[in-house]
2 protein chains.
Amino acid sequence: MVTLSPFAPDQFPTLPIIAGLKLGVTACGLCYQGRDDLVALRIEVKNSSIAAVFTTNKLPGEPVKWCKKHLPTPPQHLVMAAGNANVFTGAAGWQVLEDVAEDIAKREKITSNAVYFAMTGVIGEIFLATPLLNGLAELQYAVPNPALWQRAASAIMTTDTFAKGTAQTAKVAENSVQIAGIAKGSGMIAPDMATMLAFLFTDAAIPHDLLQQMLHAAMPESFHGISVDSDTSTSDSVMLIATGTSDCLVAKTYDDPLYDDFRTALQRACQDLAYQVVTDGEGIAKLLDIRLTGAKDSAEARCAALSIANSPLVKTAINGADANWGRVVMAIGKARVALEPEQIQICFGGHVLAEGGGAMAYDIAAVNKHLAGRKVTIAVNLGVGNASAQVYGNDLSHDYIRINADYRS
Amino acid sequence: MVTLSPFAPDQFPTLPIIAGLKLGVTACGLCYQGRDDLVALRIEVKNSSIAAVFTTNKLPGEPVKWCKKHLPTPPQHLVMAAGNANVFTGAAGWQVLEDVAEDIAKREKITSNAVYFAMTGVIGEIFLATPLLNGLAELQYAVPNPALWQRAASAIMTTDTFAKGTAQTAKVAENSVQIAGIAKGSGMIAPDMATMLAFLFTDAAIPHDLLQQMLHAAMPESFHGISVDSDTSTSDSVMLIATGTSDCLVAKTYDDPLYDDFRTALQRACQDLAYQVVTDGEGIAKLLDIRLTGAKDSAEARCAALSIANSPLVKTAINGADANWGRVVMAIGKARVALEPEQIQICFGGHVLAEGGGAMAYDIAAVNKHLAGRKVTIAVNLGVGNASAQVYGNDLSHDYIRINADYRS
């Protein structure tokens, strides 16, 4: 049996009501039996805006293609489903989206272009319309109270062991605006869209192009800064929907100081969700916090940090609580970034283990104590520049194999 | 306990005597206790030649740096050791090689430049000269009979579960020449030098530059065509030494037909050793044979094939005998190579599972039978060109984690 991540929070956060949103959750039997797997969200305002970032995988799912085609049409409906990702299903998979969007459009008296989709689950399975159509027909929409938000976050889980949510507030001039976010993701998690699925909602009024810039700016240090297994999903999607129901002021440019606090809150929200995704990484026993400094530029900093985070040998060493900094040497060496062997410094938990081109004497008891904990920090200075990057990863455990040798995802 | 690879051959091959070579094996206690860990090889001819290929890791070990510095000096001595790789040991690690080479040069009445080194084991551990110096002082050199070759191949093992060797013969005009090869490697195995260590010896007479071209030509479909865990070692070295003791004819150009048969035999020898390395991959339960066709060019074919071979999710699916071709879709999509979704064909064990942009009905019993076997073949046609690549990988198993969470390498 898969056990709860040791990083699971004590409770799901209290997500705010975003005026203009109604939420419905049900069990449609798309793949799982006897559990919620379908979430529909009605956006009851006409002038909402949406920003989104999708997977860089060259074989994206039909829902990703659908959303890319219809962006930036102001969203009026959003359908999320778990169990079948509707990926590599060809014309038939696309037709299901057409049919479901038409069905919703007729009932809701909107255009089908304003319906967005996000799905997660097995790749390549035949995707049938009937479960979705039946589920949507009987769905009850309601103002999203905290319990309903939690039910929605739970309904989109696959191998996740806990529901993921975030709640933030920000000031836009005198107005308080809210951010509510939910996400799912546990395996097939690698940067360049790392979340599988994340949805953020705000009652701020922000035009599409500014919203899109804000979301892009929030990525590098949140969803693009985590890796569970170096595998990039075909379904990864992050969507940010602004209803504008807070009647806050609207700025004309992305960097208007009016949005300073909102940008910060959005960054917090993305980081919070990304952290929850990586700490629910399949089979996680230990969180890996990699801080790379002294790189030539930020691309190389990120490349070296990810090479450490994704190395099976580093990940298994951390799982075994082994201060095997030699494998960190291997991982930065294979990243082929600019480096200076004599200048490299490698620290575990703040203790210098290697410096000046070789091993250093260190406080073994203190390092072992750090490695025995849940969070392991590896800091590497490449010694050639001023660029840095931070990446979260996790260990490679027996549970990762147990989960993935059995589960179809 | 680590168990023998299910692919371990019944017996070590019978390696030929290469005239001009003497071999010594002993236990020097570099890291392991109570087992052979030091091999020294004396090349008793003055006009030998050497070709070598080394790791692309940017933090190579001191032995790799040493060899690169002294190539193509005709080799007169070769020292191999297991347990400590002498990597990231800085000036001290280099000094040990200087001292050991001087010691050998004095005793053997050769120059220290003609001594070559190859080491494998833990990275970053302090590397002491004493065990090597003591071991070499008492070493007995002998004509390498089959039993001695096997002892040498066993002495360089680390996490390997079986000793690896190959024996080939080739015709150079009327002369028969021999190739004897040994290798070690089990983890930290990724292309761009995949073996950790491999040594090939021949009594053919081939000048250095031709020998080097031949070795390079043999790489793509042997050592560069395997991956165990996507981690590229700091110590990978393949060396090919020709003693010229067979009195065979010498050609002036690499592509002289005189060497046709030798080139083929060398290719066979490299493939044989590479196959033994990947089939002894840490924790291997199943061998993964990936055949990629229809790519734009051979670099993209190789990139897509390796993306499949290195995907943790594909590897765990194979471990679980799950025909999860959706994960193959993910792996080729994340490789970002040119592809045409509608043209892609994915086969497991010769059965078409996906084609025309979606799933195909297939003989489930036959595919399951194939997946239950030891060797799983995944064939992917990208449908955009004529380039192809073949890569061997293996599954990701509990044993890989067991080995690497405990063992320091």
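A quick note: this is a predicted structure, and the numbers were derived from the prediction, not measured. (Residues numbered from 1 in each chain as written. Chains lettered and ligands numbered in written order. Predicted model: local features only at pLDDT ≥ 70, side-chain atom pairs only at ≥ 80, totals over all residues. Heavy atoms only, no water.)

### Some words on the sheet that holds strand β10 (residues 287-295) of chain A
Residue and element names in this part refer to chain A.
Reasoning step 1: The six strands lie next to each other as β13-β12-β11-β14-β10-β15, forming an open sheet whose pairing is mixed. On the outer flanks of this sheet lie β13 (358-359) and β15 (387-394), each paired with one strand and no other.
Reasoning step 2: The sheet contacts of helix α8 (residues 312-319) involve β10, β11 (345-348), β14 (375-381) and β15, and relative to β14 the element is tilted by about 135°.
Reasoning step 3: Sitting on the sheet, helix α9 (residues 325-334) touches β11, β12 (351-355), β13 and β14, and the angle it makes with β11 is about 135°. (Pairing = 2+ DSSP bridges. Helix = DSSP H or I, 4+ residues; strand = E, 2+ residues; numbered from the N terminus. Contact = heavy atoms within 4.5 Å. Axes fitted to C-alpha atoms, helices over the stretch in contact; angles between N-to-C directions.)

### Let's talk about the packing of α8(A) against α9(A)
All names here are of chain A.
Reasoning step 1: Packing of α8 against α9 leaves a shortest axis separation of 9 Å and a crossing angle of 160°. Judged by the angle between their axes, α8 and α9 are roughly antiparallel. By crossing handedness, the relation of α8 to α9 is classed as left-handed. Residues L313, V314, T316 and A317 of α8 lie in contact with α9, whose contacting residues are R327, V328, M330 and A331.
Reasoning step 2: Of the residues assigned to the contact of α8 with α9, the class counts are six nonpolar, one polar and one charged. (Parallel < 35°, antiparallel > 145°, perpendicular 65-115°, else oblique. Left-handed = near helix turned anticlockwise from the far one by under 90°. Nonpolar A, V, L, I, M, F, W, Y, C, P; charged D, E, K, R; others polar.)

### Quick look at the relation of the copies chain A and chain B
Reasoning step 1: In screw terms, the move from chain A to chain B is a rotation of 180° and a rise of 0.0 Å along the axis, fitting with an RMSD of 0.0 Å. The symmetry that links the two subunits is that of a two-fold axis. Every residue of chain A has its C-alpha some distance from the rotation axis, and the shortest such distance is that of H398(A), at 2.9 Å.
Reasoning step 2: By residue overlap, the copies meet face to face through one surface: 98% of the interface positions of chain A are interface positions in chain B. (Least-squares fit on C-alpha atoms with pLDDT ≥ 70 in both.)

### Observations regarding the nonpolar core
Reasoning step 1: If you look at the biggest cluster of nonpolar residues, it comprises 131 residues, and the most contacted ones within it are F262(A), F348(A), I378(A), F348(B) and I378(B).
Reasoning step 2: If we ignore the near neighbours within four places in the chain, the residues touching I378(B) are L288(B), D289(B), I290(B), R291(B), V314(B), I318(B), V328(B), C347(B) and F348(B).
Reasoning step 3: Counting residues in each nonpolar core, the second largest holds 41 residues, with M214(B), M219(B), C248(B) and F262(B) among its members. (Core = buried A, V, L, I, M, F, W, Y, C linked by side-chain atoms within 4.5 Å. Buried < 20%, exposed > 50% of the residue type's maximum accessible area, 1.4 Å probe, protein only.)

### Remarks on the sheet that holds strand β10 (residues 287-295) of chain B
Residue and element names in this part refer to chain B.
Reasoning step 1: The mixed open sheet is built from six strands, whose spatial order is β13-β12-β11-β14-β10-β15. Bordering the open sheet on either side are β13 (358-359) and β15 (387-394), each of which pairs with just one other strand.
Reasoning step 2: Here strand β11 (residues 345-348) pairs with strand β12 (residues 351-355) via three bridges, running antiparallel. Bridging across to β12, C347 finds its partner in V352.
Reasoning step 3: Strands β10 and β15 of the sheet are contacted by helix α6 (residues 260-278), whose axis makes an angle of about 45° with β15.
Reasoning step 4: Helix α8 (residues 312-319) contacts β10, β11, β14 (375-381) and β15 of the sheet and is inclined by roughly 135° relative to β14.

### Examining the environment of G320(B)
Reasoning step 1: Checked against the element boundaries, G320(B) lands in the loop between α8 and α9 (325-334).
Reasoning step 2: Considering only alpha carbons, one finds G320(B) and A217(B), 103 residues apart in sequence, at a separation of 36 Å.

### Some remarks on helix α1 (residues 62-70) of chain A
Reasoning step 1: The set of residues buried in α1(A) consists of E62(A), P63(A), V64(A), W66(A), C67(A) and H70(A).
Reasoning step 2: On its buried face, α1(A) is in contact with β3 (49-54), α2 (90-108), β5 (115-122) and β9 (237-242) of chain A.

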